[in-house]
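Here are the chains, one letter per residue:
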Amino acid sequence: MSGRFVRASKYRHVFGRPTRREQCYDNLRISKNAWDTNLVKANPKYLAVNWEASGGGAFAVIPLEEKGKLPEQIPLFRGHTATVLDTDWNPFNDSIIASGSDDGKVFLWEVPRDFTLFTDADEPADVKPVGKLSGHSRKVGHVLFNPAAENVLASSSGDYTVKLWDLEDGKSKLTLKHNDIVQSLSWSANGDMLVTTSRDKKLRFWDVRQEKPAHEVAGHAGAKNSRCVWMGDLDRVATTGFSKMSERQLGLWDIRNPEKPVGGDFTLLDSSSGVAMPFWDDGCHILYIAGKGDGNIRYYEYENDKFESLSEYKSAEPQRGLAFMPKRGVNTHETEIMRAFKTVNDSHIEPISFIVPRKSESFQEDIYPPTVGTKAGTSSAEWLSGNSALPPKFSMEDLYDGKVPTQVAVSATTARSAPPPEPVAAPSPVKAPEPKPEPPAPAPVAAPSGSAVAGTKLSMSNLASKFADKGEADNDDDSSSFEEIENPQQRLGAVSSGRAAPKTDMTSPANEPVIERAPPATASSLPAASSISEKPPAAIPVEPAKEEALPAASSVVSSAAGGLRDVLQDIKALLQSQGRQIEQLTSEVAELKAKVGSP
């Protein structure tokens, strides 16, 4: 009998929950421009939507709490002289947003304090930009803030370049030259590298401060647009694109050896024609893929250098644009791990919550690892001078408890690994050998709640000391979660001698478990466990003083043999009786057959 193997994962049952229409953002005029962009961007406070506006380009900012049908006239963010193609929120300031336009300009904006769409004015006042960045000669198709360095912005243009801007002085400091139009770009977690896809079907991994690609490899071979996303703290990049046969593909790349995708080839998704938009959840290691022109959102868990399919959110209403909110904005009380915002019919935006189905009144620490906050790892000047650092993270439990998030520095190594094993506190103290009267060493005290880093370092230090090369003494902590089963011969000896078998301390290095093959008569003569200083020899001599245990053992064996003989005799008698009954029944059946067969 064979069964289907089910992969263990705490995210295996994640499902997407749509929102009722009255809780959506309705009465919108979403841009119908054909440029391949996500159309909408989100942070924990606002939504930014590319707007279908006359008289120049514009986009709208919608406070997340203002749901339902929006007014006919709302304040717009105006300033561009052509269609707005892309926007991006500052990761360290929820009120700052950048925009790129068909007019070749990059503008910076600040959402006014107490900003609202519901005003008493007949014509609400539009918001003006607070900064303008000029340097591109053609349309700006993408803008993307550096996720680790403050006030560093990347912008791609139809002039085949990606410019890196220092927003402190508004100047372009670095330029990455391509051979064709850039279709997508994504930063590494520490902001050192940038990956881009281009219309020339090349995938480039840029060492941005050197202004040259560290690697340039062949990407997806199809003619349609391909997308890329850096997988957070990992040395991996995911791409979506098309094959020569216009089949949608998924690729996983190792940035240290990106000549070919991991595994040697791309993964086939389906034969749909819409561009696949990838989004990465670094905390849960889940990749979401949404298709333009269909209403489905697939999601995969990254594990062992593979994307394991989890499930798929299906909807009859297709999306043209999609945005995911940063992890710090999710509802931890409803075990929501991500929230997406999809455009529907260019008229409203629907929130979709991705939820782990659990019922609990406490914080679910295993599904909410520390996440990036609103503090940068470096300043723009430090970053341009060559320094880099991951932005500090904070515990999601602070959000659950309604506290002000406390920043916790997380190293790159810690961030790449799975959540720390339970318990976080130091291991229990090792039991000392019995002969020594001294009490066991006290357990190390866990770090205070305000210093999670100290606790983590303490735990890692103890784990490291556990596996250090210190000779036989290091086996003190090699305890097993399985109970030791005594040898049957030892049990027999213990019964015959009239006392309990000696208990072996599995946590002591002097008492390594050794299976003895001694005969039953000599099993009771084993010395106490505490007196063994090393592995006992293969044969243990019988002490003369304990030879009186032999008759007792023999009597026990004889008694057991006698009882077994009685049982066998009873079984034999029962079988003989049943045999006689069978013979009698057989003769009766024969007589009945003879009677039936007679005329």
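Residues numbered from 1 in each chain as written. Predicted model: local features only at pLDDT ≥ 70, side-chain atom pairs only at ≥ 80, totals over all residues. Heavy atoms only, no water.

Q: Got a minute to help me understand the side chain of Ser-353 in this structure?
A: Residue placement: Ser-353 occurs in strand β30 (residues 348–355). Here Ser-353 falls in the buried class, since its relative accessible area comes to 9%. Of the polar contacts made by the side chain of Ser-353, one reaches the side chain of Glu-336; its length is 2.6 Å. (Helix = DSSP H or I, 4+ residues; strand = E, 2+ residues; numbered from the N terminus. Buried < 20%, exposed > 50% of the residue type's maximum accessible area, 1.4 Å probe, protein only. Polar contact = N/O pair within 3.5 Å; in protein donor to acceptor, adjacent residues only side chain to side chain.)

Q: Quick question: what am I supposed to make of the sheet that holds strand β26 (residues 297–303) here?
A: Spatially, four strands are ordered β24-β25-β26-β27 in an open sheet, and the strand pairing comes out antiparallel. Looking at the sheet topology across the chains shown, the edges are occupied by β24 (276–281) and β27 (306–313). Recorded for the sheet is a direction-independent mean angle of 25 degrees between the axes of neighbouring strands. (Pairing = 2+ DSSP bridges. Axes fitted to C-alpha atoms, helices over the stretch in contact; angles between N-to-C directions.)

Q: It is not clear to me how the packing of aromatic side chains should be interpreted in this structure. Could you clarify?
A: Aromatic rings considered in pairs are described by the distance between their centres and by the relative angle of their planes. Per the stated rule, a full pass over the model turns up 20 aromatic pairs. Taking 6.4 Å as the distance between ring centres and 80 degrees as the angle between the ring planes, the aromatic pair formed by Phe-205 and Trp-230 counts as edge-to-face. Of this pair, Phe-205 sits in strand β18 (residues 202–207) while Trp-230 sits in strand β20 (residues 227–230), and the two are 25 residues apart along the sequence. Just as Phe-205 is buried, Trp-230 falls in that class too. An angle of 40 degrees between the planes, with centres 5.7 Å apart, marks the rings of Tyr-288 and Tyr-299 as tilted. Taken together, the residues Tyr-288 in strand β25 (residues 286–291) and Tyr-299 in strand β26 connect sequence positions eleven residues apart. Take Tyr-288 and Tyr-299: they sit in the same class, and that class is buried. In textbook terms, an aromatic cluster arises when at least three aromatic residues are bridged by ring pairs, as seen for Phe-279, Tyr-288, Tyr-299, Tyr-313, Phe-324 and Phe-354. (Phe/Tyr/Trp six-rings, centres within 6.5 Å; stacked < 30°, edge-to-face > 60°.)

Q: So what exactly am I meant to see when it comes to the nonpolar core here?
A: Side chains of a nonpolar character, in soluble globular proteins, are inclined to be buried together. Leu-47 and Ile-349 are the most contacted members of the largest nonpolar core, which totals 34 residues. Those elements that place two or more of their residues in this core are β3 (40–42), β4 (46–50), β5 (58–63), β8 (84–89) and β10 (105–110). Ranked by residues supplied to this core, first place goes to β5 with five residues. Those residues in contact with Ile-349 that sit more than four places away from it in its chain are Cys-24, Tyr-25, Leu-28, Ile-30, Val-40, Leu-47, Val-49, Phe-341, Lys-342 and Thr-343. (Core = buried A, V, L, I, M, F, W, Y, C linked by side-chain atoms within 4.5 Å. Contact = heavy atoms within 4.5 Å.)

Q: How do you make sense of the sheet that holds β20 when you look at a structure like this?
A: Two modes of strand pairing occur in sheets, parallel and antiparallel, and in both the strands are linked by backbone hydrogen bonds. On the basis of which strands lie adjacent, the open sheet formed by four strands has the order β20-β21-β22-β23 and antiparallel pairing. Because the sheet does not close on itself, it has two edges, and the strands there are β20 and β23 (267–270). The average undirected angle you get between the axes of adjacent strands in this sheet is 20 degrees.

Q: It is not clear to me how a nonpolar patch on the surface should be interpreted in this structure. Could you clarify?
A: Among the surface-exposed residues, Leu-564, Val-567, Leu-568, Ile-571 and Leu-575 lie close enough to one another that they form a single nonpolar patch of about 470 Å² accessible area. Its location among the elements puts Leu-575 in helix α7 (residues 549–597). For Leu-575, a relative accessible area of 54% translates into the label exposed. (Patch = residues over 30% accessible without salt bridge, like charges linked within 9 Å, V, L, I, M, F, W, Y side chains within 5 Å. Areas by Shrake-Rupley, 256 points an atom, 1.4 Å probe, with all protein chains shown as cover. Salt bridge = Lys/Arg side-chain N within 4 Å of Asp/Glu carboxyl O.)

Q: Whenever I open this one, the pattern of salt bridges confuses me. Can you help?
A: Opposite charge on two side chains permits pairing when their charged atoms draw close. Using the criterion set out here, one finds 29 salt bridges in the structure. Linking Asp-346 and Arg-320 is a salt bridge whose minimum nitrogen-to-oxygen distance equals 2.9 Å. Pair noted here: Asp-346 is in the loop between β29 (336–344) and β30 and Arg-320 is in the loop between β27 and β28 (322–324), with a separation of 26 residues, a long-range link. A residue is classified by how much of its surface remains accessible, and Asp-346, at 15% relative accessible area, is buried. Each of the salt bridges in this network shares a partner with another, and the network as a whole consists of Arg-236, Asp-254, Arg-256 and Asp-305.

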